[in-house]
Amino acid sequence: MNPLPTTVVNDGDSLTVRTVGDEHYRYTQTEDGFLVVSDSNGVYYYADENGAASKFKAKNAGKRSAEAKKFLKGLDRQKVRRKHREGHPDRFKRPDSGERAKRAPWVPAASSSASDVSSEAVSDNAPLVLRLPPANAHANGTNRFPVLLIEDNNTRNLDSSKVNGLLNQENYTQNNYTGSVRDYFVDQSSGKFVPAYDLYFVKVNDSFSNYIGNEYSLVKKGIETLLSEYPDFDATLYDSDNDGNVDALCVLFAGGEVKSGDKHLGGFQYELRYNGNGWSDGRVNAGKNKKFNSYFIIQQKDYLFPTFVHEFSHTMGLKDHYCVYSDDCYNDFRGTQYQAPGAHAWDVMATGMYNNGGITPPNYSAFERNFMGWLKYDSLVVSNGVVAIPPLGKSNFAFCISFSKDEWYILENRQLNKWDSKLPNHGMLIWHIDYNNEAWQNDAMNDDKTHQRIDVVEAGNLRVTNYDDGFVNSWSGGGNLKDDPYPGSQKVVEYGPFVSWGGTAKEIHLYSITEKSENVCFAMQQGVQVTDCEFVQSSSSSEPESSSSSAVPPSSSSQKRSSSSAVIASSESVVNSSSSFVRRSSSSVVRESSSSVMKQGFAVTKNSGFGIGLDGHVLNVNAPAGETRLRLFDAQGHLLLERSVVAPHASVDLGAFAGGGLMVVQLVSDGKMMGAWRIAVR
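Brief notes about the pattern of salt bridges
Then, in step 1: Scanning all chains against the criterion turns up 23 salt bridges.
Then, in step 2: We note a salt bridge from Asp-198 to Arg-144, for which the minimum N-O separation is 2.9 Å. Note that Asp-198 is positioned in strand 8 (residues 193-203) and Arg-144 in strand 7 (residues 141-151), a separation of 54 residues in sequence.
Then, in step 3: One salt bridge connects Arg-414 with Glu-412, and the closest N-O pair in it is separated by 2.7 Å.
Then, in step 4: For Arg-414, a relative accessible area of 0% puts it in the buried group.
Then, in step 5: A relative accessible area of 0% means that Glu-412 is categorised as buried.
Then, in step 6: Through salt bridges that share partners, Asp-11, Asp-13, Lys-57 and Lys-59 make up one connected network.

Remarks on the sheet that holds strand 32 (residues 662-669)
Then, in step 1: As summarised here, the arrangement of the four strands in space is 30-29-32-33, forming an open sheet in which the pairing is antiparallel. Both outer strands of the open sheet, strand 30 (639-645) and strand 33 (672-680), are each paired with one neighbouring strand and no more. For this sheet, the mean angle separating the axes of adjacent strands, direction not counted, is 20 degrees.
Then, in step 2: Direction of pairing for strand 32 relative to strand 33: antiparallel, over a ladder of eight bridges. What sits directly across from Val-665, in strand 33, is Trp-677.

Overview of the pairing of strand 4 (residues 35-38)
Residues in a regular strand point their side chains to alternate faces of the sheet.
Then, in step 1: Here two bridges tie strand 3 (residues 26-30) to strand 4, and the two strands are oriented antiparallel to one another. For Thr-28, the partnering residue across the bridge sits in strand 4 and is Val-36.
Then, in step 2: Here strand 3 hands over to strand 4 after four residues, with Gly-33 in that stretch at a positive phi of 90 degrees.
Then, in step 3: Where strand 4 and strand 5 (residues 44-47) come together, three bridges link them in antiparallel fashion. Its bridge partner being in strand 5, Val-36 is matched across the sheet by Tyr-46.
Then, in step 4: Remark: five residues form the turn of the hairpin made by strand 4 and strand 5, two consecutive strands paired antiparallel; Gly-42 in that turn has positive phi of roughly 85 degrees.

Thoughts on the nonpolar core
Then, in step 1: Val-147, Phe-185, Tyr-197, Phe-308, Phe-312, Met-316 and Tyr-364 are the most contacted members of the largest nonpolar core, which has 60 residues in total.
Then, in step 2: The element contributing the most residues to this core is helix 6 (residues 304-315), with five residues.
Then, in step 3: If sequence neighbours within four positions are ignored, Phe-312 has contacts with His-138, Phe-145, Phe-185, Phe-193, Tyr-197, Ala-248, Cys-250 and Phe-296.

Examining helix 5 (residues 215-229)
Residues that lie three or four places apart on an α-helix share one face, since the helix turns once every 3.6 residues.
Then, in step 1: Over its 15 residues, helix 5 runs 21 Å from end to end, which matches the ideal 21 Å to within 8%, given 1.5 Å per residue.
Then, in step 2: Those residues of helix 5 not exposed but buried are Glu-215, Tyr-216, Leu-218, Val-219, Gly-222, Ile-223, Thr-225 and Leu-226.

Quick notes on the packing of aromatic side chains
Then, in step 1: Under the counting rule described, the total for this entry stands at 38 aromatic pairs.
Then, in step 2: Centre to centre, the rings of Phe-367 and Trp-408 are 6.3 Å apart; their planes meet at 40 degrees, and the pair counts as tilted. Of this pair, Phe-367 sits in helix 7 (residues 366-372) while Trp-408 sits in strand 19 (residues 407-414), and the two are 41 residues apart along the sequence.
Then, in step 3: Assessed through its relative accessible area of 6%, Phe-367 is described here as buried.
Then, in step 4: When its relative accessible area of 8% is taken as the criterion, Trp-408 is described as buried.
Then, in step 5: When the ring centre of Phe-34 is taken as origin, the NZ or CZ atom of Arg-77, which lies over that ring, is 3.8 Å away.

Considering the sheet that holds strand 24 (residues 511-516)
Then, in step 1: Ordered by their spatial adjacency, three strands build an open sheet running 17-25-24, and the pairing between neighbours is antiparallel. What marks the edges here is a single partner per strand, and that holds for strand 17 (386-389) and strand 24. For this sheet the average axis-to-axis angle between neighbouring strands, irrespective of direction, equals 20 degrees.
Then, in step 2: Direction of pairing for strand 17 relative to strand 25 (residues 519-523): antiparallel, over a ladder of four bridges. Within strand 25, the residue paired with Ala-388 across the bridge is Cys-521.

Structural notes on the pairing of strand 28 (residues 618-622)
Then, in step 1: In the sheet, strand 27 (residues 611-615) pairs with strand 28 via five bridges, with the strands oriented antiparallel. Paired with Asp-615 across the strands is Val-618, a residue of strand 28.
Then, in step 2: The turn joining strand 27 and strand 28, which pair antiparallel and follow one another in sequence, is formed by two residues; a positive phi near 70 degrees is taken by Gly-616.
Then, in step 3: Bridge analysis of strand 28 against strand 31 (residues 649-653) gives five bridges, and the strand direction is antiparallel. Across the sheet, Asn-620 pairs through a bridge with Ser-651, a residue of strand 31.

Remarks on the environment of Trp-419
Then, in step 1: Turning to its location among the elements, Trp-419 is positioned in the loop between strand 19 and strand 20 (427-434).
Then, in step 2: For Trp-419 and Asp-187, which are 232 residues apart along the polypeptide, the C-alpha to C-alpha distance reads 9.0 Å.
Then, in step 3: Reaching out from Trp-419, the side chain makes a polar contact with the side chain of Asp-187 at a distance of 2.7 Å.

Calculation notes
Residues numbered from 1 in each chain as written. Predicted model: local features only at pLDDT ≥ 70, side-chain atom pairs only at ≥ 80, totals over all residues. Heavy atoms only, no water. Salt bridge = Lys/Arg side-chain N within 4 Å of Asp/Glu carboxyl O. Helix = DSSP H or I, 4+ residues; strand = E, 2+ residues; numbered from the N terminus. Buried < 20%, exposed > 50% of the residue type's maximum accessible area, 1.4 Å probe, protein only. Pairing = 2+ DSSP bridges. Axes fitted to C-alpha atoms, helices over the stretch in contact; angles between N-to-C directions. Core = buried A, V, L, I, M, F, W, Y, C linked by side-chain atoms within 4.5 Å. Contact = heavy atoms within 4.5 Å. Expected span 1.5 Å × (residues − 1). Phe/Tyr/Trp six-rings, centres within 6.5 Å; stacked < 30°, edge-to-face > 60°. Lys NZ or Arg CZ within 6 Å of the ring centre and 35° of its normal. Polar contact = N/O pair within 3.5 Å; in protein donor to acceptor, adjacent residues only side chain to side chain.

So yeah, pure geometry; function would need other evidence.
What follows is the structure in structure tokens.
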């Protein structure tokens, strides 16, 4: 699907619209964001608050009647979208009871273990959308893959030389492409994965429109034609792990988007075994004791390159890093405390696949490279010197700060070179990874706006306001993404502490974050000057720790503790944010050993005497001396309240925040954070 604006003839008028979404849900809207629906003749009308067509035909902003403008001004857009989505249920239902849903043809994820893969039957009529294979062995080595190009009676396949160049040519630069699909994966894997795509051209003697909602039949018919017209087809060339299944079948149907009303053809990855009826296995014989199973099906016209990269990445095990199912996926977050969920333009498994009009998707992140077995993290060891990180795209290097086998932070350096040349900005990205099996299996790692599990921890305070805001292109400049890296557009030069979702903080601070000669450098102790920024490869490496590991960062040497650090009592905790809680302070890390939430009572930091207490919705503050600032954050890390506290005691009424869920209170005195507590106001 093409998410960029297109101009159509709407009952005689020129109308600019955009269709966005994926195989689970999609919609069409005007340039200024009004949802439109088409009638049986294909004419677009503005949607009303029931999600249905109103009496007003859609027109560009400058040609609307006064009556239409009044109608649009009075619309509750959130209600319009909610009702429209309710009326268009997902034909690939949100997975539960072991179901797996897969991605979109326009935006993008990660993998599962062998124990996650099963073949239970589905009790209803919803197809079991792709369940990822265990190790996805074809992601490493020099491997070949069949590409099935299908045309129908109305549409011809693309020229074979054009497709072959786009997929296979080394150092492909035609039409300003950054490289071929082969080039992309060779670069991401540092040569560990070298794919070759073999092209096969077939035809079905009817119309693609007959297969909308029944892609299995189209793929099966295409395979049958392949085996008939290519009798020498050798499936053993395409089973790298010799498990009896062709590793991945790439199905490209001729032309552009094929749709009927709100239904559309393809644009996803799936497995044929789940297309069977009842308990039957839907895999298709490939010859020589092999079967076709894993496949993706996409259109040949419009964004073939980024869609191919994205969907093929799913066959290797990656998941979607955009918001897939949640009602929040397409909401507008202006005027709220949250931002639109997803990894956005930083990630090829999100809207980043469309960077530079789709011809320069970004590099795999360090998380994605590590998942594929193409990168091994280095431990970030506390030192008295200067630490440097070279560009990820040139060095395949990143640091890891691990809390457990399921949760860790990643520090990577993204510079505007080659595949990363069209990112929103350059600098150090800090990712917070929090694996959850249910979210993983449901392909919903970034569906919860309050808990992003593949999360870019933004340096600045700009928010991505909606889905459109997460693109970087001619119609959305990505301005609210420019502050994400460090130092970034807001020149953020400090970060710390690193805090788990459970509230455990590691005494790691980054100071004087600087970019020099494409390297990112920082000190880990206050007062250390960052002058030399030369990268020296260390011998340490790490993977996320086991769940029983301590909160101490992985290191071959002991961690050095700052003498100025404050110690928090065991009843307190510090909360991590998803996406925008920027911990910038000149103090050392506040450490914590508990994840409790204060609802009543009083807690005081050891030694300092600073503390807070809750009495109903009244927050009582103990501030022995000096100028003290009280800061209140929501769980997402957005500042809700900041005010001065007069020593030695003060009270603040938090009744306005009652029932608002988890919040974090900080006390800062003389530039040092004296304590941080999680609270819940009743």
